[in-house]
Amino acid sequence: MLTLPPLPTPGQNPWDLRPHLLALRDGIRSLQSFSVTTFGAIGDGVADDTAAFQACAEHIRDLGGGTMLVPAGHYMLDALSGRLSTPTPEGDPGSGVWAPFGGVRLYDNTNLIMAPDATVQALPNNAGTYRIIYVYNSENILISGGHVKGERNQHIGAFGGE
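Residues numbered from 1 in each chain as written. Predicted model: local features only at pLDDT ≥ 70, side-chain atom pairs only at ≥ 80, totals over all residues. Heavy atoms only, no water.

## Thoughts on the overall build of the protein
To be explicit about the condition: Segments assigned H or I by DSSP are reported as helices when at least four residues long, segments assigned E as strands when at least two residues long, and all are numbered from the N terminus. Exposure classes here rest on a 1.4 Å probe applied to the protein chains alone. A residue is buried below 20% of its type maximum, exposed above 50%, and partly exposed in between. Note on areas: these come from Shrake-Rupley sampling with a 1.4 Å probe, and a residue is covered only by the protein chains present in the view.
Check the secondary structure of the protein and you find two helices and 12 strands. Along the chain direction, N to C, the helices and strands of the protein fall in the order α-β-β-α-β-β-β-β-β-β-β-β-β-β. Relative to its 162 residues, the protein shows a buried fraction of 38%. Summed over its atoms, the accessible surface of the protein is roughly 9,000 Å², and 57% of this surface lies on carbon and sulfur atoms.

## A closer look at the side chain of Ser35
Quick note on the threshold: Polar contacts, as counted here, are pairs of nitrogen or oxygen atoms within 3.5 Å of one another; within protein the pair requires one atom able to donate a hydrogen and one able to accept it, and residues that are adjacent in sequence qualify only if both atoms are side-chain atoms. We call two residues in contact when some of their heavy atoms are within 4.5 Å.
Summarising the element assignment, Ser35 is placed in strand S1 (residues 33–35). Taking relative accessible area as the criterion, Ser35 reaches 17% and is therefore assigned buried. Polar contacts involving the side chain of Ser35 include one to the side chain of Thr37, which spans 2.7 Å. Beyond its immediate chain neighbours, meaning those up to four positions away, Ser35 contacts Cys56, Leu69 and Pro71.

## Some details on unusual backbone geometry
One non-glycine residue, Asn109, lies in positive phi territory at about 60 degrees. Of note, Asn109 is situated in the loop between strand S7 (104–106) and strand S8 (110–114). Of note in the backbone geometry, Asn140 takes a positive phi value of approximately 60 degrees without being a glycine. Position of Asn140 relative to the elements: it lies in the loop between strand S10 (133–135) and strand S11 (141–144). Since its relative accessible area comes to 53%, Asn140 is described here as exposed.

## A closer look at the sheet that holds strand S9 (residues 118–122)
We apply this condition: Should DSSP find at least two bridges between two strands, the strands are regarded as paired. Angles shown run from 0 to 180 degrees and are taken between the N-to-C directions of axes, each axis being a line fitted to C-alpha atoms and, for helices, limited to the stretch in contact.
Judged by pairing direction, the sheet is parallel, and its four strands sit side by side in the order S2-S4-S9-S12 without closing on themselves. Looking along the sheet, the strands with just one partner apiece sit at the ends: strand S2 (44–48) and strand S12 (147–149). For this sheet, the mean inter-axis angle between neighbouring strands, taken without regard to orientation, is 25 degrees. Together, S2, strand S4 (73–77) and S9 form the strand contacts of helix H2 (residues 50–63), whose direction differs from that of S4 by roughly 90 degrees.

## Quick word on the pattern of salt bridges
A side chain with one charge can pair with a side chain of the opposite charge if their charged atoms come near. Defined as follows: Each reported salt bridge corresponds to a side-chain nitrogen of Lys or Arg within 4 Å of a carboxyl oxygen of Asp or Glu.
Tallied over the full model, the rule gives one salt bridge. Close ionic contact of Arg61 with Asp62 constitutes a salt bridge, the shortest N to O distance being 2.9 Å.

## Examining the packing of aromatic side chains
Here is the rule we go by: Two rings belonging to Phe, Tyr or Trp (six-membered ring only in the last case) form a pair when the distance between their centres is within 6.5 Å. Interplanar angles under 30 degrees mark stacking, angles over 60 mark edge-to-face geometry, and anything in between is tilted.
Applying the stated criterion across every chain yields a total of two aromatic pairs. Taken together, a centroid distance of 5.4 Å and an interplanar angle of 65 degrees make the contact between Phe53 and Tyr75 edge-to-face. Placement of the pair is Phe53 in helix H2 and Tyr75 in strand S4, with a sequence separation of 22 residues. Here Phe53 and Tyr75 have matching classes, each one buried. On the numbers, 6.3 Å between centres and 0 degrees between planes, the contact of Tyr134 with Tyr136 is stacked.

Structure representation (structure tokens):
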């Protein structure tokens, strides 16, 4: 529930209300919700839904925050390459570069809410390690509901997936 900030009292510096206004702004941002299916996710257990998930995450990032909704379904994600858009000195690729950091990148002020019967699973790969969901140098992230599965039974490499 959102609470409106108090009105300034006579003689009060309006800047004193800034913390209340920022809290209100953040509360409004959290009300913005977008389904990954709006961005093209299929959830049939076969199609690669990585680009749709990432497009939804980046849309929410560009708005300053919000909620990614994952309806019932079985979503396959490429855990080896994902579009990571925030450059860092540590080598995190920028400007939409596809790189082997993997998974879907979540940004500040993002809620990832999955339906109870939603599953996100890594596409079969041969890597020893990978990321299905990637959170780096971000704040206020919530991941709730659903199931996140590796690809143990379909692993195609000699190592990892055990």
